[in-house]
Amino acid sequence: MQQATRTRLLAVVIRLSFLTLLTAIFVPSSHAQFNASLTGTVEDTSGAVIPGATVTLTSDDTHTVKTTSTSGEGFYQFNELSPGSYTVSVSAANFKTETSNNVIVAAERPRSFDVKLSTGGTTETVTVNATDTPALQTSDANVSGTVTGEELRRIPTIGTDPYELLRTAPGITGDSARSGTGGSVSFPNSQGPGQSNQSIFQVENQVQISAAGQRTTSNTFLIDGVHVDSLVHGGSAVVTPNEESIQAITITATSYDAEDGRNSGAQIKTISKSGTNTLHGSFNFVYDEPGLNAFQRYGGPQGAIKLRVANKAKTYAASLGGPIIHDKLFLFASFQAFRQKNQQFSQNYVETPEFLALATASGGPVLQKLLTASGSRPRIVATLTQSCASFANEPCAVVGDGIDLGSPVPITNPANPYVSLGDPSGNGLDGIPDLQYVETSAPQNTRGNQYNLRGDYYLTPKDQFTGSAYFTRLDLDNADPSTGGRPYADIVEKPLNSAIAALYIRTFSPTLINELRANFTRFHAAGVKDASNTNFGLPRVNTEAIGNNVPQLQFGAPQGETSPYNPAQNTYEALDTVTKVMGSRSLRLGIDLRAQQDNSNYTGANRPLYVDHNLWNLFNDAPIYEQINADPNTGGPSLDFRHFRANDVEAFVQHDWRVKPNFTFNTGLRYQYFGPLYNLGFPSLQFVLGPPGQELSGATLRQANHLYNQNFKNFA
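Reference entry: report on the structure contained in this document.

Reading the values: the criteria
Residues numbered from 1 in each chain as written. Predicted model: local features only at pLDDT ≥ 70, side-chain atom pairs only at ≥ 80, totals over all residues. Heavy atoms only, no water. Helix = DSSP H or I, 4+ residues; strand = E, 2+ residues; numbered from the N terminus. Buried < 20%, exposed > 50% of the residue type's maximum accessible area, 1.4 Å probe, protein only. Polar contact = N/O pair within 3.5 Å; in protein donor to acceptor, adjacent residues only side chain to side chain. Axes fitted to C-alpha atoms, helices over the stretch in contact; angles between N-to-C directions. Parallel < 35°, antiparallel > 145°, perpendicular 65-115°, else oblique. Left-handed = near helix turned anticlockwise from the far one by under 90°. Contact = heavy atoms within 4.5 Å. Nonpolar A, V, L, I, M, F, W, Y, C, P; charged D, E, K, R; others polar. Pairing = 2+ DSSP bridges.

The residue T70 is located in the loop between β3 (65-69) and β4 (75-81) in this model. Note on T70: relative accessible area 7%, which makes it buried. At 2.8 Å, the side chain of T70 and the backbone oxygen of I50 are in polar contact. A distance of 2.8 Å separates the side chain of T70 from the backbone nitrogen of A53, its partner in a polar contact.

The relative placement of two packed helices comes down to the angle between their axes together with the axis-to-axis distance. Direction vectors running N to C along helix α3 (residues 353-362) and helix α4 (residues 365-372) enclose 135°, while the axes themselves pass 8 Å from each other. Here α3 lies oblique to α4, going by the angle between them. As α3 runs across α4, the sense of the crossing is left-handed. Contacts from F355, L356, A359, T360, A361 and S362 in α3 reach L367, Q368, L371 and T372 in α4. Considering only residue class, the contact of α3 with α4 consists of six nonpolar, four polar and no charged.

Here we take up the sheet that holds strand β35 (residues 625-627). Taken together, four strands build an open sheet; the order of strands is β31-β30-β34-β35 and the sheet is mixed. On the outer flanks of this sheet lie β31 (553-555) and β35, each paired with one strand and no other. Neighbour to neighbour, the strand axes of the sheet diverge by 10° on average, direction disregarded. As defined by bridge partners, strand β30 (residues 540-544) adjoins strand β34 (residues 609-613) across five bridges and the pair is classed as parallel. When the sheet's bridge partners are listed, T543 is paired in β34 with D612.

Our focus in this paragraph is the pairing of strand β14 (residues 220-223). Across the two faces of β14 the burial is the same, with T220 and L222 and F221 and I223 all buried. Inspection of the sheet shows β14 paired to strand β18 (residues 267-272) by four bridges, in the parallel sense. The residue of β18 that forms the bridge with T220 is Q267. Two strands pair when backbone bridges link them, and β14 and strand β15 (residues 226-227) are joined in this way by two bridges, in the antiparallel orientation. Bridging across to β15, I223 finds its partner in V226. Counted between consecutive antiparallel strands, the loop separating β14 from β15 contains two residues, among which D224 sits at a positive phi close to 55°.

Structure below.
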């Protein structure tokens, strides 16, 4: 009996302790404040405000009711609302009661909802649905969302890039992150061109979104039903359509439709606008002027209050659509232009006139060319206060407007021109300034134009023809801040991207339709020709180990495979889909044929890169590191002309059966054959490991036609 009593007492103590813990946790939360609000104005049909109207707000989730009255200006407001769906009912004397269903209030955000009342008796009620979005669509199991053209025009985006809004779709993750300078920031551990930094004129727009946790490179982009994917960087679109040309964008994060394929990530489908029987158009203009910006108070060189954002940008777009022949032929056209001028300011150490004269007289031949070539002088804005603080562990002396860091070491053995790495002053201080600390500018100039044209022709009630085209031209001329803005190192790009699509729809009967699509997508640039003012005859030279945390002293245009290069990517595609309706069932069969060509020329890395250790090894042309692309067969310049080819075949069958109005059964089968990548005209080299124990020493290069083997087993 005592044992039972102790057990019951212990149980009571545990329950009381548990209830006390729950109270401590949840009671404060029950008084938490919600920041969402609902505000609006009540008017009559003539636009006159109605004061004293009764507004009732009912939560569709909890049926809680809030009531208020409009002010003398006809204004009402509800605060501290939890997110969810609400019913708004408004009544006033001599007016019909207006009831609005499905008024959605988002979490922690205000919403404006205006109401118009019609004259009548208060016993009369008008009920409207505040949203056209169904609570649940039961046609398929796709996780998807749609961004309408109206939303694109109303929701601000960075650089008017419509793909910025893809992250708002269900199943999509992405924050459209930007750095402090406004540049796009990719997901961790991801590589590629990144999201748009030049409005819609980004050459390859790799949107920072993940569909159902997949990689960014798994996304695919379509415009008017045909692909506009890059052939080099997965998940990148070579054409980004301007907002004025878009009717809607559908983003499918998880697809259960066999028609969707090629990539396993987000299916991003853009539909362009078409003309109608009514003439319609639009125009918008966005302007950013440096004169509107304030000078920054902090962060200028050595505390000087002198810098401000110098970005000057203009974006303007227009569209016009309408009938050519009423009810038969329609045309729509759009245009967007982007102009931007900016100045990047940076603090650099550059050579003094005294060092220039000395190097011209007795320096190495490479350095002489780097310092005397046309456009070699840095764009100096101001000479800053000279100091040896950054050279605390090295011999240093301030001389006039420069810094003496030593003197050259005469080369007694041309086969060994190196200066001791332990003696950064070379031959010792000589009282002649070698470098000076300056502020330099690097002008950034961007121009972009995009033209879009679409035509729709209804030849007969059963035959429809549609054609659409996008042509995008970017003119990018940017100086290199790391060289002090030396003009001969300016980076120039002028790519031309285009996508042309054609569609023919034949309606054989109300239950049988055939849809034929074809397209051509191209990404092309003439890097060497376009950058005619850039001196690619000079190497890239970087000088390190000058002082403590002092940026490298750099000369020449950046070195790499794309500096310069001539990209040329072509995609040819044809798709045919047949749809047959049989009562409550529909059957779709389709085939997709795609040929891809990459004829790019990556010769930029045939220019050498030299890295010197301290100023006097630079003076003697004695680099500690050299880099260049070379042909492993000859040791000479590499052959970087590519003629890659790949041919894909995809087919699907999709069966949809509407069993009940709220229940549809979907089944489908898809087949994909991705042809092996091969190089047209000559074989590629494959690296083959040697036998066990001699994997590297016994390795060989083998000529092969295909870079990977065929696979005929891709079913889904």
